[in-house]
Amino acid sequence: MVEAQKESSSSGVPAVLDVAAHLPKPPLKEYPPIWAQSRQEVCESFKWFRSYQGGVYQKDGSVKGYFLSAHSAQRDSFECGGKIIISHGGGKSENSYLIRPGVSVTRAAQDQQAQDLSVRALMETYQKSVPLVLLIDDKYEPFPFDLNSKDVYMTVLGFYRIIHAWAEYQPSRSNASGRVVRYKFAFQWCEDQGQPWWWTGPDEDTSAMDVSQEAPESSAAIDVDETAMIPTRITMSPPQPPSLYTNCTTCDKASPHVFTLGWVCLNPDCRSFWRYPNFHRMIPDQLEYNPAFLSLIDFRPLPPNYTLAPDPPVLAPKDGIVTAYEHSRGWHCLKCGRLSCRSAWEHYQCPNCQDTQKINGIIRPANTLTAIRIPTFDKFYDSQVEPNSGIQRLPQGLFQHLGSTLLGNYQTFVLPGGKGKIHLIKSNRLACDEADKIFEAYQQQASAGTLHFRRWPLRSHKLRGQCLTNYFSQNSGETYHYVGGADNTVPFHLAPAAVLQAHNLIEKRIFEALGKRHKFNEVLSAAYMEKQKMAFHSDSERGLGPVVAGLSMGSPALMHFRALAKYVPRTEQRTTLLTVVLRHGDVLMMEGAGVQDFYEHTVVPTNFRIAATARWIEPHHVVDEPLVNRRG
Ligand SMILES: O=C(O)CCC(=O)C(=O)O
């Protein structure tokens, strides 16, 4: 299973030694029905697997998806052309992890326990006979075709049921006892899907499907709630053909007859576990599977609402709102099978075959979003300063808008040690009106495709494949290498009108409130759909001027500041030092290089929101070392 077992044995060999595994594999003849080039694409568009880490995705008490990757656990196997797959449950492998920047420790492999989260979920799924989806990646050796031949990183095999579950010992160099307990699961292809898409055997493959013992009666009482994704009650115990299962004379628990050398107790809590019956000696590592154990035994149909293919995207929702959470999710291209992230604002586009589906929505007036309650409403209205942060909140300042008798106000936060200031210039009726127009102009130009809001690849992340930011953005003016670089930048003279309006407003508002004439030559506009956000980061573009200022539009957002990790290495001590509520029409200004050098910030909107952040960046600044951008 994924990123799992590193322990290996110099003495042990897999039950079925797959010599072919090390030979070049034949290329895929065509694209699989459902495939992706990154884990993010799968998690954002395939409801059966939403786990960014690990190989077991569980929800509502059972496993929905199970991901097979590098094949290094002993006796993991791919049998009957992939209709039977044997794999170990997740976790407890040898693991290296960072305890603080630059310092990593290696944790030895440990025994898996029946109560481990993944093992328990797999066991429950087995006991309830709930089908689940198996996925593989290009590192899963037993798969007979080369996924890389078509640039496929991950693909969906199909629905399977767990037909056997047991435990084994496996050699481990990192564990002092020299071995660890691993829970193993045998997955069987659900036959009513037809033959697997990679199938090369005969169409009526009776030999592979040969059942050397009676298949269990298909008298299961399955109560299916049509509206739910999984059956609500499955009153059937897992299939246990009597001839395969024997009760241990020591623990009285049944174990299957897995290996040719004979039946052994496979209950790790029993003192006869992994030992020859009536002897104290352990069985060897070199084992072969009992052919009867590899027989297909479960032929029950899938519950009626089990479908693999994701629902098509809703291109013209009834209420016209196209910024709801579901619209931030990816889609499945019916032309080539590719799962992909939603990366463009105005349409869905398959990155493989370029098939494009336009989205038609309404322009949302800001007043439908501004009243959304912020989650911290009960605790504070505008801002919260952590008492030990050393940050000083100054009394509110007043200013008069240019050409108007209307007064505005702002709040300044002074950072300790001369590191800088943060000013929140608050919105009022006039500022709201100005922001309303810019907000609508942004939406019009984005949906017309004259302003290209895109999700750009993160430069640094821990996932395989590309990982896109969790917000859409467009850059105007000087190139901003941190997000999208030159591909995401249009010069100011070609910039969309909405961006230029936001730019002018930011400069004007700072002058009105603080009396300072700051000039900005770059604007990064960010658009957030429901539940999207910008992760913690600091603006440390080479050549960046000391003042960064942003205009907020749409739903309110929380902006949190905390110290950079290099100043507070212990994660539990890295608390939020300052939180500021950003409302429609507010301008937030960070003043002083220290704000970026000592702190990082994140912005978490409550719903659909657009922000324009203006900076001064030295023209023609050179990026001479790789930039690390964690701004997700
Ligand atoms: O206001 C926002 O949405 C985030 C702006 C920001 O942090 C940035 O562009 O670096």
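Rules of the game
Residues numbered from 1 in each chain as written. Predicted model: local features only at pLDDT ≥ 70, side-chain atom pairs only at ≥ 80, totals over all residues. Helix = DSSP H or I, 4+ residues; strand = E, 2+ residues; numbered from the N terminus. Buried ≥ 20, exposed ≤ 12 C-beta atoms within 10 Å, placed from the backbone. Contact = placed C-beta atoms within 7 Å. pLDDT = per-residue confidence, 0-100. UniProt positions renumbered as here; feature names shortened; annotations may be inferred. Near = placed C-beta within 6 Å. Nonpolar A, V, L, I, M, F, W, Y, C, P; charged D, E, K, R; others polar. Core = buried A, V, L, I, M, F, W, Y, C linked by C-beta atoms within 7 Å. Expected span 1.5 Å × (residues − 1). Domains from an automatic or database assignment. Axes fitted to C-alpha atoms, helices over the stretch in contact; angles between N-to-C directions. Parallel < 35°, antiparallel > 145°, perpendicular 65-115°, else oblique. Left-handed = near helix turned anticlockwise from the far one by under 90°.

Within the chain, the secondary structure is distributed over six helices and 33 strands. Looking at the chain as a whole, 43% of its 632 residues qualify as buried. Long-range contacts, defined here as pairs at least 24 residues apart, represent 70% of the contacts in the chain between residues at least 6 apart.

It is worth spelling out the confidence of the model for the chain at this point. Here the chain shows a mean pLDDT of 88. Residues at 70 or above account for 86%. Low pLDDT, under 50, characterises residues 1-20; the predicted model gives this stretch 57 contacts beyond four residues in sequence or across chains. Every residue in residues 624-630 is under pLDDT 50, and counting partners more than four places away or in other chains gives twelve contacts. Scoring of the predicted complex yields 0.86 for pTM and 0.99 for ipTM.

Moving on to the UniProt feature "domain: Alpha-ketoglutarate-dependent dioxygenase AlkB-like" (unreviewed entry) in the chain. Under the UniProt annotation, "domain: Alpha-ketoglutarate-dependent dioxygenase AlkB-like" (unreviewed entry) lies at residues 436-606. Secondary structure within residues 436-606 divides into 22% helix and 32% strand; the distance between the first and last C-alpha atoms comes to 18 Å.

Our focus in this paragraph is the site of the ligand. By nearness alone, every residue bordering the ligand is listed as L524, A526, M534, D539, G550, S552, H601, V603, A611 and T613. Going through the elements one at a time, β26 (522-528), β28 (544-554), β32 (599-605) and β33 (609-617) are the ones with two or more residues in the shell around the ligand. When the residues that make up the shell around the ligand are grouped by side-chain class, the tally is five nonpolar, four polar and one charged.

As a further point, take the nonpolar core. Membership of the largest hydrophobic core comes to 74 residues, with the highest contact counts inside it found for A502, I506, A527, A549, L551 and L588. Considering each element in turn, this core owes the most residues, eight residues, to helix α5 (residues 497-514). Residues in contact with A527, not counting those within four places in the same chain, are W345, A446, F453, Y471, F472 and I610. Membership of the second largest hydrophobic core comes to 66 residues, among which are V119, L134, F187 and W189.

Glancing now at helix α4 (residues 429-448). Under the 1.5 Å per step criterion, the end-to-end length of α4 is 29 Å for 20 residues, consistent within 8% with the ideal 28 Å. Along α4, the residues classified as buried are A431, E434, A435, I438, F439, Y442, Q443, Q445, A446 and S447. Its buried side turned inward, α4 meets β22 (407-415), α5, β26, β28 and β33. One or two positions beyond α4, positive phi appears at G449, with a value near 85°.

When the domains of the chain are assigned, the result is domain 1 (19-95 + 107-195 + 219-294) and domain 2 (382-617). A C-alpha centroid distance of 47 Å is found between domain 1 and domain 2. Of the residues contributing to the side of domain 1 that touches domain 2, the split by class is two nonpolar, three polar and one charged.

What follows is about the UniProt feature "binding site: 2-oxoglutarate" (unreviewed entry) in the chain. Within this structure's numbering, the places UniProt gives as "binding site: 2-oxoglutarate" (unreviewed entry) are Y528, H537 and H601. With respect to the helices and strands, the residue Y528 is situated in strand β26. Inspection of the secondary structure puts H601 in strand β32. If we ignore the near neighbours within four places in the chain, the residues touching H601 are F536, M559, H560 and F561.

Moving on to the packing of α4 against α5. Where α4 meets α5, the axes come as close as 8 Å, and the angle between the chain directions of the two elements is 155°. With respect to each other, α4 and α5 are oriented roughly antiparallel. Considering the relative orientation of α4 and α5, their crossing is left-handed. Side by side, α4 and α5 meet where E434, I438, A441, Y442 and Q445 of the first sit next to A497, A498, Q501, A502 and L505 of the second. Along the lines of polarity and charge, the residues of the contact of α4 with α5 split into seven nonpolar, two polar and one charged.

Moving on: unusual backbone geometry. Even without glycine at this site, S129 takes up a positive phi of about 55°. Within the secondary structure layout, S129 lies in the loop between α2 (117-128) and β8 (132-137). The exposure class assigned to S129 is buried, which follows from the 21 C-beta atoms found within 10 Å. For Q354, which is not glycine, the phi torsion reads 70° and is therefore positive. With respect to the secondary-structure elements, Q354 resides in the loop between β17 (347-349) and β18 (356-358). We classify Q354 as exposed; it has 10 C-beta atoms within 10 Å.

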